[in-house]
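Residue-level listing of the chains:
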Amino acid sequence: MNSTANVYLPTPECHQLRQLLLDELALGRLLQHQLEQEGQLLARMEPEQLQRAGQSKSAILQRMKEQTKQRMDWMSQQQLPLAADFLQHPQIRQQPEIARLWQQLAAQYRHNRDRSIQLNELVLTAKRRIQQRIHILRGQPDRSPLLYTETGQGKSARRGQGYIQA
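Computed from a prediction, not measured in an experiment: that's the story for all the values here.

Enquirer: Kindly report on the nonpolar core, identifying the contributing residues and their values.
Expert: Counting residues in each nonpolar core, the largest one holds 13 residues, and the members touching the most others are Leu17, Leu21, Met75, Leu80 and Phe86. Elements represented by at least two residues in this core include exactly helix 1 (12-44), helix 2 (47-77) and helix 4 (96-137). Residues within four places of leucine 17 in sequence aside, it is in contact with Arg71, Trp74, Met75, Leu80, Phe86, Ile92 and Ile98.

Pasting the structure below:
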């Protein structure tokens with residue numbers, strides 16, 4: 001029996017898919033790096049550099065969008081499923097590297113999404129703090145609610161009673 005009979009040689013299509021996944025993964029890692037830089041700029045409160053970083057991030061996101069569309073178009077042309085069933089397709093099951101790249105790409109997307117959410121929360125918190133400081137500097141009362149109802153809705157307390165009722 002020939003020992004090479006069980007060896008599966010990848011098709012040119014699998015090489016093309018591999019390259020599409022590698023390109024998309026590289027962009028995902030570039031985005032991850034950009035998000036980490038944004039986090040550092042937020043911590044140092046450097047608005048001008050943060051604005052430039054945001055423009056750079058937008059360019060990376062646009063490239064990722066184009067790369068993802070290219071991969072999805074290619075997968076549609078090859079009649080491959082675009083969702084979770086992708087890894088169960090007979091051609092793909094014979095390609096462990098494709099499955100590994102697919103899983104890495106999914107993990108990269110999740111990581112970048114989670115980091116984006118964290119950074120967004122930091123930005124919103126900083127924005128609220130700045131707005132509160134501006135109100136204080138203008139001599140306006142703080143507009144943030146002091147009490148919360150049972151349903152979690154904010155409720156302004158009458159002046160001087162916020163801590164008593166809480």
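Enquirer: Go over the packing of helix 1 against helix 4, please, and point to the residues and values.
Expert: Their axes nearest at 9 Å, the elements helix 1 and helix 4 cross at an angle of 20°. For the element pair helix 1 / helix 4, the angle class is roughly parallel. Here helix 1 runs over helix 4; the crossing is left-handed. Here the contact of helix 1 with helix 4 is composed, by residue class, of 16 nonpolar, eight polar and seven charged.

Enquirer: Quick rundown of the pattern of salt bridges? Include the residues and the values.
Expert: Tallying each qualifying case throughout the model produces eight salt bridges. With a closest N to O distance of 3.4 Å, lysine 57 and glutamate 38 form a salt bridge. Remark: glutamate 38 occurs in helix 1 and lysine 57 occurs in helix 2; sequence separation between them is 19 residues. With a relative accessible area of 22%, lysine 57 lands in the partly exposed category. Classification of glutamate 38 by relative accessible area gives buried; the value is 8%.

Parameters and conventions
Residues numbered from 1 in each chain as written. Predicted model: local features only at pLDDT ≥ 70, side-chain atom pairs only at ≥ 80, totals over all residues. Heavy atoms only, no water. Core = buried A, V, L, I, M, F, W, Y, C linked by side-chain atoms within 4.5 Å. Buried < 20%, exposed > 50% of the residue type's maximum accessible area, 1.4 Å probe, protein only. Helix = DSSP H or I, 4+ residues; strand = E, 2+ residues; numbered from the N terminus. Contact = heavy atoms within 4.5 Å. Axes fitted to C-alpha atoms, helices over the stretch in contact; angles between N-to-C directions. Parallel < 35°, antiparallel > 145°, perpendicular 65-115°, else oblique. Left-handed = near helix turned anticlockwise from the far one by under 90°. Nonpolar A, V, L, I, M, F, W, Y, C, P; charged D, E, K, R; others polar. Salt bridge = Lys/Arg side-chain N within 4 Å of Asp/Glu carboxyl O.

These figures come from the coordinates and say nothing about function on their own.
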